[in-house]
Amino acid sequence: MKLLRAATLTTPDVAAAAERYVKWLDYRVVETGEVAADLATGWGAPASAGRRFCVLQPASGAEVFIRFVEGDVPADYQPLRTWGWAAIEICVQDTLAVNARMETSPFEIIGPPKQLDGLPAIFPMQVRGPDNEIVYLTQIRSDLPDYDLPRAASLIDKLFILVLACSDMDASARWFRDTLGIQHGREMEIIYSMINNAFGLPADTRHRLATGIHERDCFLEFDQYPEAATARPGDRDALPPGVAMTTLLHPDIDAIAGDWIMPPTPGSGPIYGGRRAGVLLAPDGTRVEVVAL
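Reading the values: rules and limits
- Residues numbered from 1 in each chain as written.
- Predicted model: local features only at pLDDT ≥ 70, side-chain atom pairs only at ≥ 80, totals over all residues.
- Heavy atoms only, no water.
- Salt bridge = Lys/Arg side-chain N within 4 Å of Asp/Glu carboxyl O.
- Helix = DSSP H or I, 4+ residues; strand = E, 2+ residues; numbered from the N terminus.
- Buried < 20%, exposed > 50% of the residue type's maximum accessible area, 1.4 Å probe, protein only.
- Core = buried A, V, L, I, M, F, W, Y, C linked by side-chain atoms within 4.5 Å.
- Contact = heavy atoms within 4.5 Å.
- Patch = residues over 30% accessible without salt bridge, like charges linked within 9 Å, V, L, I, M, F, W, Y side chains within 5 Å.
- Areas by Shrake-Rupley, 256 points an atom, 1.4 Å probe, with all protein chains shown as cover.
- Pairing = 2+ DSSP bridges.
- Axes fitted to C-alpha atoms, helices over the stretch in contact; angles between N-to-C directions.

### Re the pattern of salt bridges
Within this structure, the stated rule accounts for 11 salt bridges. A salt bridge links Glu63 to Arg5; the shortest N-O distance between them is 3.9 Å. Pair noted here: Glu63 is in the loop between β3 (52-57) and β4 (65-70) and Arg5 is in strand β1 (residues 4-11), with a separation of 58 residues, a long-range link. Glu63 sits in the exposed class, given a relative accessible area of 53%. Arg276 serves as the salt-bridge partner of Asp254, at 3.1 Å between the closest nitrogen and oxygen.

Dropping the structure here:
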């Protein structure tokens, strides 16, 4: 059972962001419009009402979406320096081929292709988009013993992991376990170059991270961020800059005991498909949207 449904990113120009993902990541537009007032209120972001949005789907046709919502990005916002959703991770067929494409794109390569310390099964690279969004592009080379990882069906395929920057990784993992039934998966300590670069730390500094899993589906990564990390800047009545929200499917939405911003209500469009959805606030004010499976 695959629970990851969508990632929502804030952009000052929805049309330009969508055009980049269509041209360079082979996505296609499947929905456009303006954010309804009741939906924005349910997100805990009433100031996002009336803003433009766009939903995109990968070339493979996988029903895992990227949604851009128009919003203002504070001048002092820096990616990889704050708590909350830090990055999206997309599976690809060939990291080296994707890297060659990114070299001529508007996406800045901030992490060249490199096998991760202690993780030979995956071969990632990382880019930063013009909206300061962080995107991991990862080739899956083999299976892991504890859970399944996807194989891309197109050169650049679907989201498969959302990365969460935590002030307290253990507290965040407990919240996802106790509230949504997402289990604490493999934990490790690695040299994490992007975090080191963002905080000016020595290149060999190691950082703790853990995975979030359901059955054999691995779709969340919890990163313990340095003490210098802060809350994300921005209007508290709007979606935050960068990766603003993650949308997950849930097999029993009525059993969730967390505090909803508003009770789940039916939503339209490809992300919701007429099913009920609502938003919960995880530690660090992290927005987690849940859609009934």
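More follows now that the structure is in view.
### Structural notes on the nonpolar core
Counting residues in each nonpolar core, the largest one holds 69 residues, and the members touching the most others are Tyr21, Ile88, Ile90, Leu137, Phe176 and Leu180. When residues of this core are assigned to their parent elements, the largest contribution, 6 residues, is made by helix α1 (residues 14-25). Those residues within four positions of Tyr21 in sequence are excluded, and the remaining contacts are Leu9, Asp26, Tyr27, Leu56, Ile66, Phe68, Phe107, Glu133 and Val135. Residues Ile122, Leu144, Ala152 and Ile190 belong to the second largest nonpolar core, which totals 29 residues.

### With respect to a nonpolar patch on the surface
A cluster of nonpolar side chains, Ile261, Met262 and Leu281, forms an exposed patch at the surface whose accessible area comes to about 220 Å². Here Leu281 lies in strand β15 (residues 276-282).

### Points about the sheet that holds strand β11 (residues 206-214)
Spatially, 8 strands are ordered β6-β7-β8-β5-β9-β12-β11-β10 in an open sheet, and the strand pairing comes out mixed. Pairing within the sheet leaves two strands with one partner each, and these edge strands are β6 (108-111) and β10 (183-191). When the angles between neighbouring strand axes are averaged without regard to direction, this sheet yields 30°. Note: β6 against strand β7 (residues 122-128), 3 bridges, orientation antiparallel. Residue pairing across strands places Gly111 opposite Gln126, the latter belonging to β7. Relative to the sheet, helix α3 (residues 95-102) contacts β5 (84-92), β6, β7, β8 (134-140) and β9 (156-166), its axis offset from that of β7 by approximately 15°. Most of the contacts of helix α4 (residues 169-180) go to strand β12 (residues 217-224), to which it runs at about 150°, and overall it touches β5, β9, β10, β11 and β12.

The values reported here are purely geometric and, on their own, carry no functional implication.
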